[in-house]
Amino acid sequence: MHTTQKDTTYTKIFVGGLPYHTTDSSLRKYFEVFGEIEEAVVITDRQTGKSRGYGFNWLGEKKRLSARETAFLRVRARLLAFTTR
């Protein structure tokens, strides 16, 4: 069975350097000011359940970002890591 994957080049944003207390909901809330967030996920360690310090945001289909906007959000994500510690 062949499944079709959607292109997430300009809708999936990597967010690194997150404080370890960041949750899926706080990550979503921070980025909602930029538009609809389809999903926000903080990656956790399978054994301990603790944050690994990074995650992803998937923007809604209506909000495809340009490469410039994607770069801007990556910078904002790094600022988030420093301002919430």
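Quick caveat: nothing in here was measured; it's all calculated off a predicted structure.

Looking now at the overall build of the protein. Scanning the protein from terminus to terminus reveals two helices and three strands. For the protein, the N- to C-terminal ordering of α and β elements is β-α-β-β-α. Burial analysis of the protein (85 residues in total) assigns 29% to the buried set. Long-range pairs, those at least 24 residues apart, make up 59% of the contacts in the protein between residues at least 6 apart in sequence.

Turning our eyes to something else, we now look at the side chain of T22. For T22, the location among the structural elements is in the loop between β1 (12-16) and α1 (24-31). For T22, the side chain forms a polar contact with the main-chain oxygen of P19, separated by 2.9 Å. Leave out the neighbours within four places in its chain, and T22 touches L27 and V42.

On to the nonpolar core, then. Proteins that are soluble and globular tend to have nonpolar side chains buried together. One finds I13, V15, L18, L27, F31, I37, A40, V42 and L59 forming the largest nonpolar core, which totals nine residues. At the level of elements, β1, α1 and β2 (37-44) are the ones that each hand at least two residues to this core. Looking at this core element by element, the count peaks at three residues for β2. In this view, I37 contacts R28, F31, E32, N57, W58 and L59; residues no more than four positions away in its chain are not counted.

Of the residues in the protein, 59% have a pLDDT of 70 or more, and the chain-wide mean is 76. Model confidence for the protein, summarised as mean pLDDT per element, is weakest for helix α2 (residues 67-83) at 59 and strongest for β2 at 92. Scored below 50 in pLDDT, residues 81-85 makes eight contacts in the model with residues more than four places away or belonging to other chains.

Basis of the calculations
- Residues numbered from 1 in each chain as written.
- Predicted model: local features only at pLDDT ≥ 70, side-chain atom pairs only at ≥ 80, totals over all residues.
- Heavy atoms only, no water.
- Helix = DSSP H or I, 4+ residues; strand = E, 2+ residues; numbered from the N terminus.
- Buried < 20%, exposed > 50% of the residue type's maximum accessible area, 1.4 Å probe, protein only.
- Contact = heavy atoms within 4.5 Å.
- Polar contact = N/O pair within 3.5 Å; in protein donor to acceptor, adjacent residues only side chain to side chain.
- Core = buried A, V, L, I, M, F, W, Y, C linked by side-chain atoms within 4.5 Å.
- pLDDT = per-residue confidence, 0-100.

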